[in-house]
Amino acid sequence: MKVWDVVIVGAGPAGSTAASVTARAGLSVLLIDKARFPRDKPCAGGVSVKSLHEIGLTPPREVIQREITGLILGGPGGGSSGGHSGFLIRHPAGERIAVTVRRREFDAFLVDLATAEGACFRDGVEVSGLEERDDSVSLRLATCGCPGYSRPDYFRPGHSQPVHSQEEGITARFVIGADGAMGRTAALSGLRRRWRRFELGLGIFVEVAPGEASPEAFQLYCLPGIPCSFGWVFPYRDSVNVGLGASALFSDRVIGTFHSFFGHVKTLWHLGEPAGSPTCYILPAGGFARRIATKRVLLAGDAAGLVDPFSGEGIYSAVVSGRMAGEVVAGALRGDLAPGQASREYQRACHARLTRQFRLAMIMSLMSGYKSATGFRLVQHDPGITENLVRLMKEGDHVYRRLLWWHLQCLPVGLLRVAGINRQGTRK
Ligand SMILES: Cc1cc2nc3c(=O)[nH]c(=O)nc-3n(C[C@H](O)[C@H](O)[C@H](O)COP(=O)(O)OP(=O)(O)OC[C@H]3O[C@@H](n4cnc5c(N)ncnc54)[C@H](O)[C@@H]3O)c2cc1C
């Protein structure tokens with residue numbers, strides 16, 4: 001029976017990147033996905049410039065929905081123009097800071113890159129069993145007519161069972177589990193049984209006609225109803241994606257807050273009516289200590305819980321962790337690293353490049369000035385803060401350390417200025 005060098009479970013950005021890297025290194029690579037491709041993935045489709053740099057090339061024009069060259073920040077009240085709570089800050093970045101994509105097209109493009117490097121791709125196939133031995137991993141695969149992302153049970157990965165028609169066994173020397181937040185590899189390998197509620201975020205969105213919304217800016221809004229949450233309006237070619245991200249701890253407030261936020265931006269930009277009900281999906285917050293690798297099974301992307309807890313950006317860390325997982329597996333199979341060492345090296349690299357950053361991102365999220373009225377005034381009167389938000393989309397490593405340091409230095413002066421402005425406003 002053929003023994004694959006590496007089997008990669010899940011063909012999202014993490015899995016496809018790992019497949020490209022390992023195939024390019026000359027390994028025999030099988031990339032599988034339970035969904036039939038092309039498939040949708042609940043996402044706002046914002047891909048930062050730093051993610052494009054990690055991928056190493058810009059997707060073709062037909063995959064890109066919009067080039068993003070600016071930011072619009074909306075204050076508490078969703079940016080409505082009435083009363084003291086209505087603020088909007090426009091920040092033209094003067095260069096491309098991100099693109100928007102539809103995940104159906106973007107993920108298929110990444111799979112094409114992996115197969116062009118020599119990876120074999122099988123869709124409509126799910127991992128249903130996994131047994132790790134000292135020198136290999138046995139996997140049970142099942143062909144499935146899988147519904148993809150509908151109706152997940154948020155806290156029990158792998159709960160929505162597809163109907164399996166055929167089963168087969170395969171063997172690999174390494175497995176990379178890149179099967180997303182609801183994947184099964186984490187549980188099957190014993191790395192994680194279930195998410196804890198505080199580790200998860202919820203994203204909810206609709207797509208509507210764009211009205212007068214800016215076609216080249218990301219819009220981000222403070223949402224006073226839920227701590228550490230934000231709303232977004234991301235432009236596509238013929239529509240906008242309007243959504244909200246919040247901690248799953250506040251799941252009871254998410255739907256109500258989303259509807260009032262949508263009402264605000266709909267009025268503000270004359271957006272269209274949604275065709276259906278909003279889509280809601282989970283995203284795991286990065287920054288928590290987690291074991292993400294055994295000797296021969298490595299988790300990457302959402303499966304490893306690697307999403308930026310401040311911005312909700314997960315594509316960047318999926319690509320980064322997918323690449324690092326691929327590199328250590330290639331190193332181990334070349335004989336540069338013993339398997340146990342490879343797993344330790346991978347966890348160390350993820351910690352250094354991602355988890356450590358996410359801890360600082362969590363602090364930023366908690367103190368995030370622009371999500372409260374006073375904080376928002378701070379942003380209004382200090383363009384440096386908006387510039388720093390733009391830098392988050394352009395720069396990868398160590399950006400949060402610099403941002404936090406910068407904020408701590410500027411905060412006292414900024415607060416004094418805002419206090420002065422508030423007092424003047426009261427005297428008038
Ligand atoms: C509402 C919402 C909006 C978001 N917006 C953004 C954004 O604008 N920008 C951004 O950077 N991030 C965003 N994210 C986060 C981003 O979508 C994820 O972080 C990213 O998709 C993670 O990529 P991944 O490759 O790890 O997993 P995924 O993209 O989830 O891919 C996992 C793949 O594994 C497959 N799979 C699952 N289980 C199995 C199995 N048992 N066997 C085989 N295959 C399996 C799935 O079919 C899927 O194709 C958003 C998330 C949500 C929920």
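Residues numbered from 1 in each chain as written. Predicted model: local features only at pLDDT ≥ 70, side-chain atom pairs only at ≥ 80, totals over all residues. Heavy atoms only, no water.

## Topic: the site of the ligand
Under the convention used in this document: Think of it this way: one heavy atom of a residue within 4 Å of a molecule or strand is enough to make that residue near it. What qualifies as a polar contact is a pair of N or O atoms within 3.5 Å, subject to a donor-acceptor requirement within protein and to the restriction that residues adjacent in sequence count only when both atoms come from side chains. Accessible areas in this description were obtained via Shrake-Rupley with a 1.4 Å probe; residue shielding takes into account the shown protein chains only. Each helix is a run of DSSP H or I of at least 4 residues and each strand a run of E of at least 2, with the numbering of both proceeding from the N terminus. For this scheme, ten residues count as nonpolar: Ala, Val, Leu, Ile, Met, Phe, Trp, Tyr, Cys and Pro. Four count as charged, namely Asp, Glu, Lys and Arg, and the remainder, Gly too, count as polar. Each domain's limits were defined by an automated method or a database of domain assignments.
Taken together, 40 residues sit near the ligand, with Asp-33, Arg-39, Gly-46, Arg-103 and Asp-302 positioned nearest. The backbone of Lys-34 places a nitrogen or oxygen atom 3.1 Å from a nitrogen atom of the ligand. Note that an oxygen atom of the ligand is positioned 3.3 Å from one of the side-chain N or O atoms of Lys-41. Expressed as a share of its isolated accessible area of 1000 Å², the protein-covered part of the ligand is 97%. Secondary-structure elements contributing two or more residues to the shell around the ligand are α1 (13–24), β9 (125–132), β12 (200–208), β16 (279–284) and α6 (315–334). Its residues placed into classes, the shell around the ligand shows 20 nonpolar, ten polar and ten charged. Composition of the shell around the ligand by domain shows at least three residues from each of domain 1 (3–43 + 103–194 + 289–360) and domain 2 (61–100 + 198–284).

## With respect to the side chain of Arg-290
What counts, and what does not: The criterion used for residue contact is that any of the two residues' heavy atoms lie within 4.5 Å.
Structurally, the position occupied by Arg-290 is in the loop between β16 and β17 (297–299). A polar side-chain atom of Arg-290 sits 2.8 Å from a polar atom in the side chain of Glu-199. Of note is the side chain of Arg-290, whose polar atom sits 2.8 Å from the backbone oxygen of Ala-285. Look past the residues within four positions of Arg-290 in its chain and what remains in contact with it is Trp-195, Glu-199, Ala-285, Ala-304, Gly-305 and Gln-347.

## Looking at unusual backbone geometry
Just so we agree on the cut-off: Burial status follows relative accessibility: with a 1.4 Å probe on protein chains alone, a residue under 20% of its type maximum counts as buried, one over 50% as exposed, and anything between as partly exposed.
With omega at -5°, the peptide bond leading from Phe-37 into Pro-38 counts as cis. Relative to the helices and strands, Pro-38 is located in the loop between β2 (29–33) and β3 (46–48). In this structure, Cys-228 is a non-glycine residue whose phi angle is positive, near 55°. Relative to the helices and strands, Cys-228 is located in the loop between β13 (217–222) and β14 (230–235). A relative accessible area of 29% places Cys-228 in the partly exposed class. At His-270, a residue that is not glycine, the phi angle is positive and equals roughly 55°.

## Details of the packing of α1 against α6
Which entries qualify depends on this criterion: Angles here are taken between N-to-C directions and fall from 0 to 180 degrees, while the axes themselves are lines fitted to C-alpha atoms, restricted in helices to the stretch in contact. Crossing handedness is defined as follows: a turn of the near helix away from the far one that is anticlockwise and smaller than a right angle gives a left-handed crossing, while the clockwise case is right-handed.
The contact between α1 and α6 brings their axes to 7 Å, and the two run at 30°. Classified by chirality, the crossing of α6 by α1 is right-handed. Residues Pro-13, Ala-14, Thr-17, Ala-18, Val-21 and Thr-22 of α1 form the contact with α6, whose participating residues are Ile-315, Ala-318, Val-319, Gly-322, Arg-323, Gly-326, Glu-327 and Val-329. Considered class by class, the residues forming the contact of α1 with α6 number eight nonpolar, four polar and two charged.

## With respect to the pattern of salt bridges
How we decide: Each salt bridge in this description consists of a side-chain nitrogen of Lys or Arg and a carboxyl oxygen of Asp or Glu lying within 4 Å of one another.
Across all of its chains, the model carries 23 salt bridges by this definition. For the salt bridge of Lys-394 with Glu-95, the shortest nitrogen-to-oxygen distance reads 2.5 Å. Here Glu-95 lies in the loop between β6 (88–92) and β7 (98–101) and Lys-394 lies in helix α9 (residues 383–394), a separation of 299 residues in the sequence. By relative accessible area, which is 28% here, Lys-394 ends up partly exposed. The class of Glu-95 is partly exposed, set by a relative accessible area of 38%. Note that Glu-167 and Arg-140 form a salt bridge whose closest N and O atoms lie 3.1 Å from each other. Of this pair, Glu-167 sits in strand β11 (residues 164–177) while Arg-140 sits in strand β10 (residues 137–144), placing them 27 residues apart in sequence.

## A look at the sheet that holds β6
Stated precisely, the cut-off is as follows: Note on pairing: two strands pair once DSSP finds at least 2 bridges between them.
On the basis of which strands lie adjacent, the open sheet formed by seven strands has the order β6-β5-β13-β14-β15-β12-β16 and mixed pairing. The outermost strands of the open sheet, each flanked by one partner alone, are β6 and β16. Recorded for the sheet is a direction-independent mean angle of 20° between the axes of neighbouring strands. Both strand β5 (residues 70–74) and β13 contribute to a ladder of five bridges, which runs parallel.

## Topic: the sheet that holds β3
Overall, antiparallel pairing links the three strands, which are arranged β3-β7-β4 in an open sheet. Of all strands in the sheet, those with a lone pairing partner are β3 and β4 (64–68), marking the two edges. Averaged over all pairs of adjacent strands, the angle between strand axes in this sheet comes to 25°, irrespective of strand direction.

## A short note on the packing of aromatic side chains
Defined as follows: A pair of Phe, Tyr and Trp rings is counted when the ring centres sit within 6.5 Å of each other, with Trp represented by its six-membered ring. The angle between the planes then sorts it: under 30 degrees is stacked, over 60 is edge-to-face, the rest tilted. Distance and angle both matter: a charge sits over a ring if NZ of Lys or CZ of Arg is within 6 Å of the ring centre and within 35 degrees of the ring normal.
Counted by the stated rule, this structure contains eight aromatic pairs. With 5.4 Å between their ring centres and 65° between their planes, Phe-198 and Phe-288 make a pair best called edge-to-face. Of this pair, Phe-198 sits in the loop between α4 (185–188) and β12 while Phe-288 sits in the loop between β16 and β17, and the two are 90 residues apart along the sequence. For Phe-198, a relative accessible area of 38% corresponds to the partly exposed category. Geometry around Phe-174 places Arg-296 over its ring, the cationic atom sitting 5.1 Å from the centre.

## Some points on the pairing of β12
Of all nine residues in β12, eight are buried; the element is thus mostly enclosed. Taken together, the six bridges between β12 and β16 define a ladder with antiparallel strand orientation. Considered in β16, the bridge of Phe-205 is made with Thr-279. Pairing analysis gives eight bridges linking β12 to strand β15 (residues 240–247), with the strands arranged antiparallel. Its bridge partner lying in β15, Gly-203 is registered against Gly-245.

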